[in-house]
Amino acid sequence: MSTPPSPNAPENRRGSDDPSVTTAANTAANTVATARARRRPGALTIGLTLVLGSALALSACSSGGAGSEESEEQAALTGSATEPVQGGILEYGHLQEPNCIFGGWIQENFTARQVLDNLVSATEDGSVVPWIATEWSVSEDRTVWTLHLRDDVHFTDGTRLDAEAVAYNFDYWMDGGNGTAAAHLGGFYDHSEVVDADTVEIHLSAPFAPFLSTLSQSYFGLQSPTALQTRTAEENCTEPIGSGPFTVKDWKRGEYIEFERNEDYAWAPPNARHQGPAHLEGIRWNIVPDGTSRYGSLLAGEMDAIGEIPAVNIAEARQRYDFTQYITPGRPVVINLNTERGLFTDQAVRQALSHATDREANIESAFLGTVPFEPSGYLSQSTPDYDADAAQQYPFDLERANELLDGAGWTGRAEDGTRIKDGQRLQVKIVYGLNTIVTPDGNTAIQNFQEQARAAGFDIELRPLTPSENFSGAYSTPDSYDGSVGYWTSPHAGILNINYRPSTEDQPNGANTTFLDNEQVFTTIQEALQAPTAEEVSAKFSQAQYQLSELAPAIGLYTQTNTLAVSDRVTGLWLEPAQGGPIFHDAHFTSDEARDSSRGFSAENAENPESAG
């Protein structure tokens, strides 16, 4: 997700002295206790593929030290045919700083992946493999998922990651612990039921086809219930207790986050490049917002790897470094048009703006050909069930844009070329979070869009938002903008339910940033989510994309991408398939010399300044 603020941000969380925090925890615990007595429906076992067999085999080899049991295949994946170098602190440069280590924002998703484990893991082909859940089944009516868990996993506070912990986490997410997790499962999750120490049932109110894919996202990272109930909100925000390959050692706001290896880690998913603890001693996750400085730090050898490579540097980065680009599934970067208030309540005006600019040429120019143009306003081209034909409904056609505006009564012209109707100018305001949602390259694309739309008679006011403005919610209501720019990451097309579920008084939906309230679209999306076969799911999601295209509540611009450039001092760093977050568990230095030249943790350097490199 991109636009809503994290529910875990310190300003959005209850203080540790708020008695309602304990009340919420007790509520969740009571829910679990009540659920235990409920009847267990009959189960329909889903065939576990050979992948599971591989998972168990790898798990059985995980008790040795770091890399001691690494297979030749795994060694090839890490780029090392010999024993990986152990130790060292990897310097990583990143664009944005999270509000908390975990949460509902994609930046928090990236840091959570280092600390928290999930029930399942996504693979490159879109399937999921076991992780903390070793196998699963679903009831005949597809509303009860039974998850069987590993029996050897502990959180770093020493408590068990068992069925009670999983059930607690589901309730915690849905009770506001993670807004994006709640957005995904809202309307479907009913309750969890602990069957025994290593078996938990997740009860849904209706079938939900992308259930397992949904759980592969780090928004669903598992935390210690003990830590969540006994520590302050700030402690859990800055140093969450998970079972992952790293723990948070230090966080200096505005500068860096340091992660330290979890020496007991022995339960990586089977699609990890090795089993056992991380090869690295730790990671320093440096916050370097300026793209030129970030890339310069890689050139200068100050960083071993960086993310979000500026477009102007990508060609060089492809030549000099181990470069990876990830096309994020979900909603691409789009302009959401306000269908509730203002000029875009007229469908013809929305369609006219969709035709009015040469978006493909614009994106090619703004990103120097390094980022794909995305014609769809609803799904990114890397999303399963993306309909390429539905995405092409609004090619650049200035003549058609003018016809639509003429037909809508915008026939007059001011001296500057802006269309006029009944004395009112065709003037709209588009807001966007600069350097949070939109990068400087994306800002160029939006400015190009503004300029091109003048030819059709639109006068667009651009209003870049500061990070504090963007996360404050001040520009999230129907009376605060005509258009807004945003994206949402999701490994499946179920993102349409999040973005287009009508907002009601009982069930407000802050993710519906076009404020579209269309029963036909909503019904089609629900039919897709609950369809019994993959073919029916695809057909319904295709139908929804055509319905949305006709209504034109959003205009596609470009795919959200994650990029990674890694120096030759390091190997084994990769981007996970669910959302493109960097995975450091398998990374290691390529030589003892590279490892020995790395700096230690910052606090240790401060205590022993002569030892700092």
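Residues numbered from 1 in each chain as written. Predicted model: local features only at pLDDT ≥ 70, side-chain atom pairs only at ≥ 80, totals over all residues. Heavy atoms only, no water.

> How would you summarise the environment of T411 if you had to cite specific residues and measurements?
Position of T411 among the secondary structure elements: in the loop between α15 (398-407) and β15 (412-413). Once the C-alpha coordinates of T411 and K421 are considered, the two residues, 10 residues apart in sequence, prove to be 6.5 Å apart. Every residue in contact with T411, bar those within four places of it in the chain, is listed here: D406, R419 and I420. (Helix = DSSP H or I, 4+ residues; strand = E, 2+ residues; numbered from the N terminus. Contact = heavy atoms within 4.5 Å.)

> Account for the packing of aromatic side chains, naming residues and giving values.
One pass over the structure, following the stated rule, counts 15 aromatic pairs. Aromatic pair Y265 and W267: ring centres 5.6 Å apart, planes at 70°, arrangement edge-to-face. An aromatic cluster of three or more residues is present, and its members are Y92, F259, W285 and F584. K249 extends its terminal NZ or CZ atom over the ring of F601, reaching a point 5.1 Å from the ring centre. Taking the ring centre of W574 as reference, the NZ or CZ of R273 above it sits at 3.7 Å. (Phe/Tyr/Trp six-rings, centres within 6.5 Å; stacked < 30°, edge-to-face > 60°. Lys NZ or Arg CZ within 6 Å of the ring centre and 35° of its normal.)

> Now, about the nonpolar core: what can you tell me, with residues and values included?
Counting 142 residues, the largest nonpolar core has L119, F170, F211, L353 and F458 as the members making the most contacts within it. Of all the elements, helix α5 (residues 163-177) adds the most residues to this core, at eight residues. Mapping this core onto the domain boundaries places at least three of its residues in each of domain 1 (89-326 + 563-594) and domain 2 (330-558). In this structure, F458 is in contact with F344, V349, A352, L353, L405, L426 and A453, ignoring residues within four places of it in sequence. Grouped together as the second largest cluster of nonpolar side chains are 11 residues, Y295, M303, I309 and Y321 included. (Core = buried A, V, L, I, M, F, W, Y, C linked by side-chain atoms within 4.5 Å. Buried < 20%, exposed > 50% of the residue type's maximum accessible area, 1.4 Å probe, protein only. Domains from an automatic or database assignment.)

> Now, about the sheet that holds strand β18 (residues 427-433): what can you tell me, with residues and values included?
The strand order across the open sheet formed by five strands is β19-β18-β20-β14-β21, and the pairing between neighbours is mixed. Unpaired on one side and paired on the other, β19 (459-465) and β21 (554-558) mark the two borders of the sheet. Pairwise comparison of adjacent strand axes, ignoring direction, gives a mean angle of 30° for this sheet. (Pairing = 2+ DSSP bridges. Axes fitted to C-alpha atoms, helices over the stretch in contact; angles between N-to-C directions.)

> Help me get a handle on the pairing of strand β8 (residues 199-204), residues and values and all.
Extensive coverage of β8 is indicated by the burial of six of its six residues. As defined by bridge partners, strand β6 (residues 144-149) adjoins β8 across five bridges and the pair is classed as antiparallel. Considered in β8, the bridge of V144 is made with H203. In the sheet, strand β7 (residues 189-196) pairs with β8 via six bridges, with the strands oriented antiparallel. Bridge pairing links V194 to V200 in β8.

> Mind laying out the sheet that holds strand β16 (residues 419-421), listing which residues take part and the relevant values?
With antiparallel pairing, three strands are arranged side by side in an open sheet as β15-β16-β17. Strands with a single pairing partner mark the edges of an open sheet, and in this sheet they are β15 and β17 (424-425). Pairing between β15 and β16: two bridges, direction antiparallel. Residue G412 lies in a different strand from β16, and its bridge partner there is I420.

> So what's going on with the pairing of β21? Residues and values would help.
By the criterion of burial, β21 is predominantly enclosed, with five of the five residues buried. Inspection of the sheet shows strand β14 (residues 330-337) paired to β21 by four bridges, in the antiparallel sense. Within β21, the position partnered with V334 by the bridge is G556.

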